[in-house]
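# Examination of the molecular architecture
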Amino acid sequence: MSPAVHIELTVNGRPRAVEVEAHHTLLDVLRDDLALTGTKECCLVGECGACSVLVDGAAVDSCLMLGVEADGTAITTVEGLATGDRLDPLQAAFLATGAVQCGFCIPGQLIAARAMLSLNPSPTRADVEEGLAGNLCRCAGYEQIIEAVLAAAGAPGDGTTAQPRAHDAHRASDPAATPDARLAPQ
Amino acid sequence: MRAFTYERPAHLDDAVALLTENTPDGARVLAGGTDLIIRLRDGTLRPKVVVDVKRVAEIDGSIREVGDMLRIGARTTMTDIGADARIRRDYTALAEGAAVVGSVQIRNRATLAGNICNASPAADTSPALLVFGAVVVVAGPAGERRIPLDAFFIRSGVTTLASGELVVAIELPLPGVARGSTHVRRTRRRGHDLASVTLACSVSADGVTRIAYGSLGPRPLLRVDETGVLADAGAPETARLERLEAMFAEASPSPTSLRAGPDYRLAMLRILGLRAIAAASGRLRPV
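Below is a summary of the structure that appears in this document. (Residues numbered from 1 in each chain as written. Chains lettered and ligands numbered in written order. Predicted model: local features only at pLDDT ≥ 70, side-chain atom pairs only at ≥ 80, totals over all residues. Heavy atoms only, no water.)

Let us look at a nonpolar patch on the surface. All names here are of chain A. A cluster of nonpolar side chains, contributed by Leu87, Leu95 and Val100, occupies part of the molecular surface with about 260 Å² of accessible area. Its location among the elements puts Leu87 in the loop between strand 5 (74-76) and helix 2 (89-97). We classify Leu87 as partly exposed; its relative accessible area is 38%. (Patch = residues over 30% accessible without salt bridge, like charges linked within 9 Å, V, L, I, M, F, W, Y side chains within 5 Å. Areas by Shrake-Rupley, 256 points an atom, 1.4 Å probe, with all protein chains shown as cover. Salt bridge = Lys/Arg side-chain N within 4 Å of Asp/Glu carboxyl O. Helix = DSSP H or I, 4+ residues; strand = E, 2+ residues; numbered from the N terminus. Buried < 20%, exposed > 50% of the residue type's maximum accessible area, 1.4 Å probe, protein only.)

Another aspect to go through is the nonpolar core. Most often, soluble globular proteins keep nonpolar side chains buried together rather than apart. The biggest cluster of nonpolar side chains holds 82 residues, and the ones touching the most others in it are A:Ile75, B:Leu94, B:Leu129, B:Leu149, B:Leu166 and B:Leu172. Core analysis: the next-biggest nonpolar cluster, separate from the first, contains 25 residues, A:Leu54, A:Ile111, A:Leu132 and A:Ile146 among them. (Core = buried A, V, L, I, M, F, W, Y, C linked by side-chain atoms within 4.5 Å.)

This part is about the sheet that holds strand 4 (residues 63-66) of chain B. All names here are of chain B. Reading across from one edge, 4-5-10-6-7 is the order of the five strands in this open sheet, with antiparallel pairing throughout. Edge positions in the sheet fall to strand 4 and strand 7 (143-148), since each of these pairs with one other strand and no more. Between one strand axis and the next, the sheet turns by 30 degrees as a mean value, whatever way the strands run. When strand 5 (residues 69-73) meets strand 10 (residues 166-173), the two strands line up antiparallel, connected through five bridges. Looking across to strand 10, one finds that Gly73 is bridged to Ala169. Lying over the sheet, helix 1 (residues 12-21) contacts strand 6 (135-140) and strand 10, oriented at roughly 120 degrees with respect to strand 10. (Pairing = 2+ DSSP bridges. Axes fitted to C-alpha atoms, helices over the stretch in contact; angles between N-to-C directions. Contact = heavy atoms within 4.5 Å.)

Now for the pairing of strand 3 (residues 49-52) of chain B. Residues and elements named next belong to chain B. Side chains of strand 3 alternate between two faces, with Val49 and Val51 and Val50 and Asp52 buried alike. Bridge analysis of strand 1 (residues 5-7) against strand 3 gives three bridges, and the strand direction is parallel. Bridge pairing in strand 3 places Glu7 opposite Val51. Where strand 2 (residues 27-30) and strand 3 come together, four bridges link them in parallel fashion. Residue Arg28 lies in a different strand from strand 3, and its bridge partner there is Val50. On the question of chirality, the crossover connecting strand 2 to the parallel strand 3 by way of helix 2 (residues 36-42) is right-handed. (Right-handed = clockwise from strand over helix to strand, strands pointing away.)

Before going further, it helps to spend a moment on the packing of aromatic side chains. Residues and elements named next belong to chain B. The final tally for this structure, using the stated rule, is three aromatic pairs over all chains. Ring geometry for Phe152 and Phe153: centres 5.9 Å apart, planes at 75 degrees, overall edge-to-face. Here the two residues Phe152 and Phe153 agree in accessibility, since each one is buried. Taken together, a centroid distance of 5.2 Å and an interplanar angle of 90 degrees make the contact between Tyr213 and Phe248 edge-to-face. Taken as a pair, Tyr213 in strand 13 (residues 209-214) and Phe248 in the loop between helix 9 (237-247) and helix 10 (262-282) lie far apart in primary sequence, 35 residues in all. Classification of Tyr213 by relative accessible area gives buried; the value is 1%. What makes Phe248 buried here is its relative accessible area of 6%. (Phe/Tyr/Trp six-rings, centres within 6.5 Å; stacked < 30°, edge-to-face > 60°.)

None of the figures reported here should be taken as evidence of function without further support.
In structure tokens, the structure reads:
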């Protein structure tokens, strides 16, 4: 066991304080310590993109970043894209175009697409292909995914700094009140 | 992943001390982590201490002119390199090489310094850095020293970095004469893949052609044509091809690599070489 390290970060708009093992990845911390299991664990070598999250607005593979490196950052996971019951326009477009087949890669695809659209709100098809090149879909649903991203482009997004959901707002205002994360999935 | 102690020194002296105290293999430097974390997880590296250098005050992520060099801090990511207006203009091949490393997610973390320290023969930034005469600024127990990149690479994963040393910055000489440059490569598929051939080329107004290529042997190689033959599109085809063959004479692709066979790599090397010379010549612009 390596000594636990105290880190403070913002996850989906909500300040969190976590004791993390130094050798645990950000993916481990999100899934196991914060119970945010929308972010998927798959290849663990940065090939598939299923573990993509936004770190200070930039898409990264959370399997290739230590949890301790996230100290002081703002993280957005797929759970942070929707606002209350209102889906992010990307999520709505993925549903509308049938881009979701088995669904396993979709959290990563959504995060990569959100990052790309925040930098380039009017992408070409080639831009979308490049922006999502780090995200594999084993159902081979690429056509519908690209179609969904292009459809969502131009529709107003809630940006990369997702706000806490309405029912979590009271917690977000008081970091000291952060409960045991294992018992309080978002 | 095996347990280790995580250190995040604030000063270069502390980082060097941590590396020195834990030599030879007890400490590893963490910058972007896109290579390191894979090897920590698969157990090929088992350090006691991981030294995260991203908050070392003397190591930054800036790209700025210092004297007659362009200095790229060791925290600079591939995304930063690919987006920098000055690198895109004056060191085009480097911007192009950085822009095809991994995926967006990888480029947002991976650093240029980490790419050369990892010393993969297939690294897409190494050929451009060799072409532009990069110098590696290194700090260690004996202070700072500068290593020309051509004298930095030994073979895959092995560099002339001594124990206790770490890279602080990479410097590129400012362009002296008008030149154009490009990076080209072959991969098995479009998108996110390692190169079967990765090549950078610069052509300058004085007729000098510089070509560096990787994924064709244990380390990337730099070859320079000062005869002016390669840069002269009007020179006899046989003379140009002969010159090109001489520059590629030491290419030695692995016979066992799964990415591409040696014959294919050598054939593509010639084609990419010719294409790169034409593209770089077309981009010749005054400084």
